[in-house]
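# Summary of the model geometry
Next come the chains, spelled out residue by residue.
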Amino acid sequence: MGKTISEKIISEHSEKDVKSGDFVISKIDVAMVQDGTGPLSIDELKKLDMEQVFNKDNTILFIDHASPSPKKELSNDHKKLREFAQKTGAYLSEVGEGICHQRLVEDWASPGYIIVGADSHTCTSGAVGAFATGMGSTDIALGFALGKVWLKVPGTYKFILKGELKEGVYAKDIILHIIGKIGADGATYKAMEFDGDGIENLSMSERFTITNMAIEAGAKTGIFPTDEKTKGYLKKRNREDKFREITSDSDANYEKVFEIDLKEIEPTISFPHTVDNTRKISEIDEVKLDQVFIGTCTNGRLEDLRIAASILEGRKKNQGTRLIVVPASKEIYKNALKEGLLETFLEAGAAIQSPGCGPCVGVHQGVLGDGEKVLSTQNRNFKGRMGNPNGFIYLSSPATAAASAIEGKIVDPRNYL
Amino acid sequence: MNLKGRARKFGDNISTDHIAPGRYFHLRSNLSKLAEHVLEDADPDFANNVEKGDIIVAGRNFGLGSSREHAPRIIKISGVSCILAKSFARIFYRNSFNISLPLLATDTDKIEEGDELKINLEKGTIEDLTKDIKLKSTPIPQFMLKLIQIGGIEEFVKKYGDLKVI
């Protein structure tokens, strides 16, 4: 019996011929925490008297969730991360450098790696052909110290993407469509492997959007085989030497196979309060918006900002709607500045904030008021997610978000193309 | 290992944002303080009326969302001894076993708020003493049962000096 991509990568790291369902101890290549989860990891390592890291260059502490810090307690958490980095030599990604998942794909994630992070959206890195998965603070603490984690090898669901998207429909619509179809627990514990002729046309940025949201279907990871796009991306990132071919075997065992016809997908919106509560844009009633947020590890990349800026160019946001833009990393911020995208956003009436998670986590930079509605390009819309359980979060692509900011209500972005 | 406690009912899709809301992000390094808000966005009174030994009984996909281990930790700190649900989100599932909070997947429809429950973890059996019914659960994998018996992954590493599958 052949192997899926996940089975191959975990076999290599556990020096065992593994199949789905096996419990193994696996070596890891990269381990990371962020400022919401890292302080607990460090506390646990102190308790175990194991304040050490298995590999300085690939052990990373990101300050991105509450960054810059809005409260003294969080400032002290940040201090704890800095002190640990100083003591162990681990890499510290400071305030303003960007969101962990974006920074990982910029400088660390490579094909065949096992990447573990104390953040559920660690699955983002799977788009480069890595096995990347989110865990808790204690798992990652042990990963830091020992360079390994315990894993149950997941079974795999294959998603065959066919054909091409229509104009005005984007990667975010693909993944919202899939989650709407299979449900928020539709792939619980599984690896979601994406394949088919439809992936050839997807840029790496679009693939990151898709794997980022695998966890929103409950999956352990989202993963793409590597191809010329992966190679080109790694070359641009000065990591061409890290390229290798990663595909599943033709006789690999898939627990389920789904075929997705890309041309059938419309701009899609997730309604409050679950990601799988999706509707096609053509089927929704009027939803007036108090705020629109463009950014995050899902959709805060340069391509996303270009799409949003192309719609907002020469236009103004609706007077009754706040528009917040947060580039996902410093590099994206710099390039958006160079390309004039930030000026476009400013002219349209946006507030631009420093790279990080922004208002997505509900700590700062755009907490909702009671009864307020936001359309966001982020990945989840749970009750209370953006800091107020009496707020309402809708999810969409950057194009839909930009068009909706102009009208102050959720609208079809194709009216602006 | 036998557990006995009172059922506390919740619905489907209780997320880590319901359990440990983001607006209390700054309390994450103060878990006992954060525990004063446990499950606040699903039941604002829960933290006030939870009793030691209580058993959370929920619907589908309990614990979905973020990787925050603070979620199962504050549930445990609040005195809850076990969680029963139709299904669990995977990061929450492994986090709970890592900190020695047992979870059992079972059909929870027949159990009502306040029912007296008796659970055997090794056998995976659940008795609703109030209703006089017995329920079966999906067996806990051997490795994870070991984590519960030892007292969590840290105790495991202390005992064996390393991570290994036993």
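Residues numbered from 1 in each chain as written. Chains lettered and ligands numbered in written order. Predicted model: local features only at pLDDT ≥ 70, side-chain atom pairs only at ≥ 80, totals over all residues.

## Some remarks on the overall build of chain B
Scanning chain B from terminus to terminus reveals seven helices and seven strands. Starting at the N terminus and walking to the C terminus, you meet the elements of chain B as β-α-α-α-β-α-β-α-β-β-β-β-α-α. At 15 Å, chain B has a C-alpha radius of gyration in line with the 15 Å of a compact globule built from 166 residues. Viewed in the frame of its principal axes, chain B has a C-alpha envelope of about 40 × 40 × 25 Å. Taking as baseline every contact in chain B between residues at least 6 positions apart, the subset at least 24 positions apart corresponds to 66%. (Helix = DSSP H or I, 4+ residues; strand = E, 2+ residues; numbered from the N terminus. Rg over C-alpha atoms; globule rule 2.2 N^0.38 Å. Contact = placed C-beta atoms within 7 Å.)

## Comments concerning the overall build of chain A
For chain A, the count of helices and strands is 13 helices and 18 strands. For 417 residues, the compact-globule formula gives about 22 Å, and the C-alpha radius of gyration of chain A, at 20 Å, lands near that figure. Taken along the three principal axes of its C-alpha coordinates, chain A extends 60 × 50 × 40 Å. Looking at chain A as a whole, 62% of its 417 residues are labelled buried. Expressed as a percentage of contacts within chain A between residues at least 6 apart in sequence, the contacts between residues at least 24 apart total 76%. (Buried ≥ 20, exposed ≤ 12 C-beta atoms within 10 Å, placed from the backbone.)

## Observations concerning the sheet that holds strand β6 (residues 131-134) of chain A
Residues and elements named next belong to chain A. Pairing is parallel across the open sheet formed by five strands, whose spatial order is β4-β3-β2-β5-β6. Of all the strands in the sheet, the pair left with one neighbour each is β4 (91-93) and β6. Recorded for the sheet is a direction-independent mean angle of 20 degrees between the axes of neighbouring strands. Across four bridges, the pairing between strand β5 (residues 114-117) and β6 is parallel. In the strand pairing of β6, Ile-115 is matched with Ala-132. Sheet strands touched by helix α5 (residues 137-146): β2 (30-34), β3 (59-62) and β5. Its angle to β2, the strand with the most contacts, is close to 135 degrees. (Pairing = 2+ DSSP bridges. Axes fitted to C-alpha atoms, helices over the stretch in contact; angles between N-to-C directions.)

## Remarks on unusual backbone geometry
Geometrically, the link from A:Ser67 to A:Pro68 is a cis peptide bond, its omega value of -5 degrees lying close to zero. The residue A:Pro68 is located in the loop between β3 and α3 (72-88) in this model. In this structure, the amide linkage connecting A:Pro272 to the following residue, A:His273, adopts the cis form with an omega of -5 degrees. Position of A:His273 among the secondary structure elements: in the loop between β12 (268-270) and β13 (278-280). At A:Asn238, a position not held by glycine, the phi torsion is positive, near 60 degrees. Tracing the backbone through its elements, the reader meets A:Asn238 in the loop between α8 (228-236) and β11 (256-261). The class for A:Asn238 is exposed, based on 9 C-beta atoms found within 10 Å. Positive phi, normally seen in glycine, also occurs at B:Asn61, with a value near 60 degrees.

## Considerations on the environment of A:Trp108
All names here are of chain A. Along the chain, the position of Trp-108 falls in the loop between α4 (100-107) and β5. With 22 C-beta atoms counted inside 10 Å, the residue Trp-108 sits in the buried group. Along the primary structure Trp-108 and Gln-378 are separated by 270 residues, whereas in three dimensions their C-alpha atoms are 23 Å apart. Beyond its immediate chain neighbours, meaning those up to four positions away, Trp-108 contacts Val-30 and Asn-58.

## A word on the sheet that holds strand β5 (residues 116-120) of chain B
Residue and element names in this part refer to chain B. Pairing is mixed across the open sheet formed by seven strands, whose spatial order is β4-β3-β2-β1-β5-β6-β7. At either end of the open sheet lies a strand with only one pairing partner, and these are β4 (103-105) and β7 (133-136). Neighbour to neighbour, the strand axes of the sheet diverge by 30 degrees on average, direction disregarded. Where β5 meets strand β6 (residues 125-128), four bridges bridge the pair, whose relative direction is antiparallel. Looking at β6, one finds that Asn-120 is bridged to Thr-125.

## Points about the interface of chain B and chain A
Counting residues at the interface gives 39 residues for chain B and 44 residues for chain A. Put simply, the parts of the chain that give the side of chain B that touches chain A at least two residues each are α1 (16-19), α5 (90-98) and α7 (153-160) of chain B.

## Some thoughts on the packing of helix α10 (residues 302-312) of chain A against helix α12 (residues 341-348) of chain A
Residue and element names in this part refer to chain A. At a minimum axis distance of 9 Å, the contact between α10 and α12 shows a crossing angle of 45 degrees. By the angle class used here, α10 and α12 are oblique. Crossing angle aside, the handedness with which α10 passes α12 is left-handed. Contacts between α10 and α12 pair Leu-305, Arg-306, Ala-309 and Leu-312 from the former with Leu-341, Thr-344, Phe-345 and Ala-348 from the latter. Counted by class, the contact of α10 with α12 contains six nonpolar, one polar and one charged residues. (Parallel < 35°, antiparallel > 145°, perpendicular 65-115°, else oblique. Left-handed = near helix turned anticlockwise from the far one by under 90°. Nonpolar A, V, L, I, M, F, W, Y, C, P; charged D, E, K, R; others polar.)

## A few points about the domain arrangement of chain A
Residue and element names in this part refer to chain A. Parsing chain A into structural domains produces domain 1 (5-261) and domain 2 (268-416). Centre-to-centre, using C-alpha coordinates, domain 1 lies 24 Å away from domain 2. Contacts between the two partners involve 34 residues from domain 1, matched on the other side by 32 residues from domain 2. Secondary-structure elements contributing two or more residues to the side of domain 1 that touches domain 2 are α4, α6 (171-182) and α7 (204-212). Sorting elements by how many residues they give to the side of domain 1 that touches domain 2 places α6 first, with six residues. Each residue belonging to the side of domain 1 that touches domain 2 can be placed in one class, and the counts come to 10 nonpolar, 16 polar and eight charged. (Domains from an automatic or database assignment.)

## Description of helix α13 (residues 398-407) of chain A
In an α-helix, one turn spans 3.6 residues, which is why side chains three or four residues apart end up on the same side. All names here are of chain A. Of all 10 residues making up α13, nine are buried, and the element is well covered by its neighbours. Buried within α13 are the following residues: Pro-398, Ala-399, Thr-400, Ala-401, Ala-402, Ala-403, Ser-404, Ala-405 and Ile-406. On the buried face of α13, the contacting elements are β14 (291-295), α9 (296-299), α10, β15 (322-326) and β17 (373-376). A positive backbone phi angle near 75 degrees is found at Gly-408, which sits one or two residues after α13.

## Here we look at α7(B)
Every buried residue belonging to α7(B) is among B:Ile153, B:Glu154, B:Phe156 and B:Val157, and all of these are buried. Taken down its axis, α7(B) places every buried residue within 155 degrees of arc, on the same side. Looking at the buried side of α7(B), the elements it contacts are α2 (38-47) and α5 of chain A together with α5 and α6 (142-150) of chain B. (Arc of directions from axis to C-beta.)

## Looking at the environment of A:Pro389
Locating A:Pro389 in the fold gives a position in the loop between β17 and β18 (392-395). On the neighbour-count criterion, A:Pro389 (21 C-beta atoms within 10 Å) is buried. Counting along the chain gives 21 residues from A:Pro389 to A:Leu368, while the straight-line C-alpha distance between them is 8.9 Å. Contact partners of A:Pro389, with chain neighbours within four places excluded, come to A:Lys383, A:Gly384 and B:Asp41.

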